[in-house]
Amino acid sequence: MRKNLFDAIKAGADGYLLKNVEPDELRKAIRQVVEGQGVLSAEVTQPVMRALAHMNTSTLEKKS
């Protein structure tokens, strides 16, 4: 999962949901992305936060 998650983010994904997402949650996520919000399944939030915590600050500043 982790490699796919980060590959999707690097490719410009505005959201990442796992396959087991409920239909109502999927519909809500699609609406959120259309409105310009990012969406992550709760299960992938921690790996993203950990990766960001380990990134070099200058790397983050260059991406902004």
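Each remark here, short or long, concerns the structure printed above.
Residues numbered from 1 in each chain as written. Predicted model: local features only at pLDDT ≥ 70, side-chain atom pairs only at ≥ 80, totals over all residues. Heavy atoms only, no water.

Enquirer: Lay out helix H2 (residues 23-34) with the relevant residues and their values.
Expert: Given a rise of 1.5 Å per residue, 12 residues ought to cover 16 Å, and the 17 Å separating the end C-alpha atoms of H2 matches this to within 8%. Downstream of H2 by a residue or two, glycine 36 has a phi angle that is positive, lying close to 95°. (Helix = DSSP H or I, 4+ residues; strand = E, 2+ residues; numbered from the N terminus. Expected span 1.5 Å × (residues − 1).)

Enquirer: Any chance you could break down helix H3 (residues 42-54) for me, citing the residues and the numbers?
Expert: Turning to H3, its buried residues number three or more, namely Val44, Pro47, Val48 and Ala51. Projected down its long axis, H3 carries its buried residues within an arc of 100°, all on one side. Turned more than 90 degrees away from the buried face of H3 sit Ala42, Met49 and Ala53, all of them exposed. Against helix H1 (2-10), strand E1 (15-16) and strand E2 (39-40) lie the buried residues of H3. (Buried < 20%, exposed > 50% of the residue type's maximum accessible area, 1.4 Å probe, protein only. Arc of directions from axis to C-beta. Contact = heavy atoms within 4.5 Å.)

Enquirer: Give a description of the nonpolar core that names residues and reports values.
Expert: Grouped together as the largest cluster of nonpolar side chains are 7 residues: Leu5, Phe6, Tyr16, Leu18, Val44, Val48 and Ala51. For this core, the elements supplying multiple residues, two or more each, are H1 and H3. Sort the elements by how many residues they give to this core and H3 lands first, with 3 residues. Excluding anything up to four places from it in sequence, phenylalanine 6 contacts Pro47, Val48 and Ala51. (Core = buried A, V, L, I, M, F, W, Y, C linked by side-chain atoms within 4.5 Å.)

Enquirer: An account of the packing of H1 against H3 is needed here, citing residue identities and associated values.
Expert: Relative orientation of the contacting elements H1 and H3 amounts to 65°, with a least axis distance of 11 Å. Our classification of the angle between H1 and H3 gives roughly perpendicular. The interaxial crossing formed by H1 with H3 has right-handed handedness. Where H1 abuts H3, its residues Arg2, Leu5, Phe6 and Ile9 lie against Val44, Pro47, Val48 and Ala51. (Axes fitted to C-alpha atoms, helices over the stretch in contact; angles between N-to-C directions. Parallel < 35°, antiparallel > 145°, perpendicular 65-115°, else oblique. Left-handed = near helix turned anticlockwise from the far one by under 90°.)

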